[in-house]
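An overview of the molecular structure
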Amino acid sequence: MTLIRDLLTPGTPSFSFEFFPPKTDQGEANLFRAIAELEPLRPTFVSVTYGAGGSTRDRTLRLVSRIVAETSMLPMAHLTCVAATREEIIAVVDDLAAAGVRNIMALRGDMPGGFDVRWEATEGGLTHAHELVRLIGERGDFSIGVASFPEGHPESPDRDTDARYLAEKLNAGADFATTQLFFRAEDYFSHVEMVRAHGAEQPVIPGVMPVTDVGQIERMTAMSGAVFPDDVAERLRAVADDPDKVRGVGVDIATELCRELLDGGAPGIHFYTLNRSTATREIWANLQSGSS
């Protein structure tokens with residue numbers, strides 16, 4: 001299988017999409033319709049998330065296996081340290097390799113319940129993402145990604161400390177990072193500068209989420225610690241009573257952010273699709289055509 005690190009070429013922006021494992025057969029059917037609509041865009045790779053506490057472990061493996069078998073897209077599976085011993089993590093890594101998956105996003109992960117629940121390592125397990133990066137590297141030739149927080153992880157005392165942790169993960173053997181959602185390009189660029197100052201030069205790919213539901217994005221930013229800027233909120237709340245207009249404004253906002261990031265030298269864009277294709281395809285088309 002192709003390794004993501006071999007596709008991240010300086011001067012050629014990558015474009016990637018993120019999906020999550022649906023809970024039902026109908027949800028999986030809906031997701032694969034979205035995948036079929038996104039496949040013609042020829043993304044550099046696609047990623048599949050891993051539920052809190054390893055709650056979607058089997059569904060993640062099944063979904064990435066289907067993407068390998070049924071599409072031309074290159075999948076990356078997420079893997080966390082939560083609720084698993086070292087031996088259990090090794091078993092998952094080996095299962096992924098057996099399924100032909102050689103690209104893994106290595107995450108410490110969050111406890112069920114999110115950031116408000118104190119993180120606890122499993123007895124016999126791992127404590128930090130950089131330990132998981134090293135463990136995956138010991139199991140074979142994988143391309144490894146890690147998570148990045150432009151505005152700082154909620155548990156970090158400050159952004160520079162968080163950048164130092166990211167550099168530690170990258171220098172443990174990771175090939176690249178993808179960021180959590182954010183809305184201000186300046187937060188991304190200052191974050192990358194801090195990471196570079198801590199000695200890591202690997203690509204940091206910005207993650208962008210099109211806003212199609214104001215309430216949903218308010219909940220997600222509150223959970224992740226991301227800032228929902230007043231100017232963005234005002235544009236969306238002005239049309240909050242019309243779902244079509246919300247989606248249209250959300251697409252415009254995301255297009256503007258993507259263009260600012262790419263113009264500033266970002267190595268690509270990682271789209272959080274929420275298992276839907278329309279908004280992502282519209283942003284893609286805007287970027288290709290130069291329209292807003």
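Residues numbered from 1 in each chain as written. Predicted model: local features only at pLDDT ≥ 70, side-chain atom pairs only at ≥ 80, totals over all residues. Heavy atoms only, no water.

Attention now moves to the overall build of the protein. When its secondary structure is counted, the protein shows 10 helices and 8 strands. By the compact-globule yardstick of 19 Å for 292 residues, the protein fits well, its C-alpha radius of gyration being 18 Å. When its C-alpha atoms are laid out on the principal axes, the protein stretches across 50 × 45 × 40 Å. Split into buried and exposed, the 292 residues of the protein put 52% on the buried side. Residue pairs in contact within the protein that sit at least 24 positions apart in sequence constitute 79% of those at least 6 positions apart. Within the structure as shown, the protein displays about 12900 Å² of accessible surface, and the carbon and sulfur contribution to it stands at 48%. (Helix = DSSP H or I, 4+ residues; strand = E, 2+ residues; numbered from the N terminus. Rg over C-alpha atoms; globule rule 2.2 N^0.38 Å. Buried < 20%, exposed > 50% of the residue type's maximum accessible area, 1.4 Å probe, protein only. Contact = heavy atoms within 4.5 Å. Areas by Shrake-Rupley, 256 points an atom, 1.4 Å probe, with all protein chains shown as cover.)

Take the pattern of salt bridges next. Using the criterion set out here, one finds 15 salt bridges in the structure. D175 is the partner of R5 in a salt bridge, and the nearest nitrogen-oxygen pair spans 3.5 Å. Placement of R5 in the segment before β1 (14–19) and of D175 in the loop between α5 (159–171) and β6 (176–181) is noted, with a sequence separation of 170 residues between them. Judged by relative accessible area, R5 falls into the partly exposed class, the value being 30%. A relative accessible area of 18% means that D175 is categorised as buried. A salt bridge links D187 to R184; the nearest nitrogen and oxygen atoms lie 2.7 Å apart. Exposure remark for D187: the relative accessible area of 9% places this residue in the buried category. (Salt bridge = Lys/Arg side-chain N within 4 Å of Asp/Glu carboxyl O.)

Before going further, it helps to examine the packing of aromatic side chains. Across all of its chains, the model carries 7 aromatic pairs by this definition. Geometrically, the ring pair formed by F17 and F271 is tilted, given 6.0 Å between the ring centres and 45 degrees between the ring planes. Taken together, the positions of F17 in strand β1 and F271 in strand β8 (residues 268–272) put the pair 254 residues apart, joining distant regions of the chain. Accessibility expressed as a relative area gives 0% for F271, which makes it buried. Chaining the aromatic ring pairs together yields one cluster made of F15, F17, F271 and W284. A cation sits over an aromatic face here: R102 above F142, 4.9 Å from the ring centre. (Phe/Tyr/Trp six-rings, centres within 6.5 Å; stacked < 30°, edge-to-face > 60°. Lys NZ or Arg CZ within 6 Å of the ring centre and 35° of its normal.)

What follows concerns the packing of helix α3 (residues 86–98) against helix α4 (residues 129–138). Orientation of α3 relative to α4, taken along the N-to-C sense of each, is 50 degrees, at an axis distance of 10 Å. With respect to each other, α3 and α4 are oriented oblique. Judged by the sense of rotation from one axis to the other, the crossing of α3 with α4 is right-handed. Contacts between α3 and α4 pair R86, I89, I90 and V93 from the former with L132, L135, I136 and E138 from the latter. (Axes fitted to C-alpha atoms, helices over the stretch in contact; angles between N-to-C directions. Parallel < 35°, antiparallel > 145°, perpendicular 65-115°, else oblique. Left-handed = near helix turned anticlockwise from the far one by under 90°.)

Turning our attention to helix α9 (residues 243–263). Spanning 21 residues, α9 covers 30 Å between terminal C-alpha atoms, matching the ideal 30 Å at 1.5 Å per step. Here α9 has its buried residues at V246, V249, G250, V251, I253, A254, T255, L257, C258 and L261. Of the residues that open α9, the one with a side-chain oxygen 3.1 Å from the backbone nitrogen of D244 is D242. Immediately beyond the C-terminal end of α9, within one or two residues, lies G265, with a positive phi of roughly 105 degrees. (Expected span 1.5 Å × (residues − 1). Polar contact = N/O pair within 3.5 Å; in protein donor to acceptor, adjacent residues only side chain to side chain.)

Okay, empty space enclosed by the protein next. Tallying each qualifying case throughout the model produces 2 cavities of 30 Å³ or more. Approximately 50 Å³ is the volume attributed to the largest cavity. If you go around the largest cavity, the residues you meet are F149, P150, E151, G152, Q180, L181, S224, G225 and A226. Considered class by class, the residues forming the lining of the largest cavity number 4 nonpolar, 4 polar and 1 charged. There is about 40 Å³ of room inside the second largest cavity. Every residue along the wall of the second largest cavity is listed here: F182, F183, V208, M209, P210, V211, G250, I253, A254 and L257. No other element matches the 4 residues that α9 contributes to the lining of the second largest cavity. By residue class, the composition of the lining of the second largest cavity is 9 nonpolar, 1 polar and no charged. (1 Å grid on protein atoms, 1.4 Å probe; cavity = no way out; pocket = protein on both sides within 12 Å on 5 of 7 lines; lining within 4 Å. Points joined across faces, edges and corners; volume = space filled by probe spheres on them. Nonpolar A, V, L, I, M, F, W, Y, C, P; charged D, E, K, R; others polar.)

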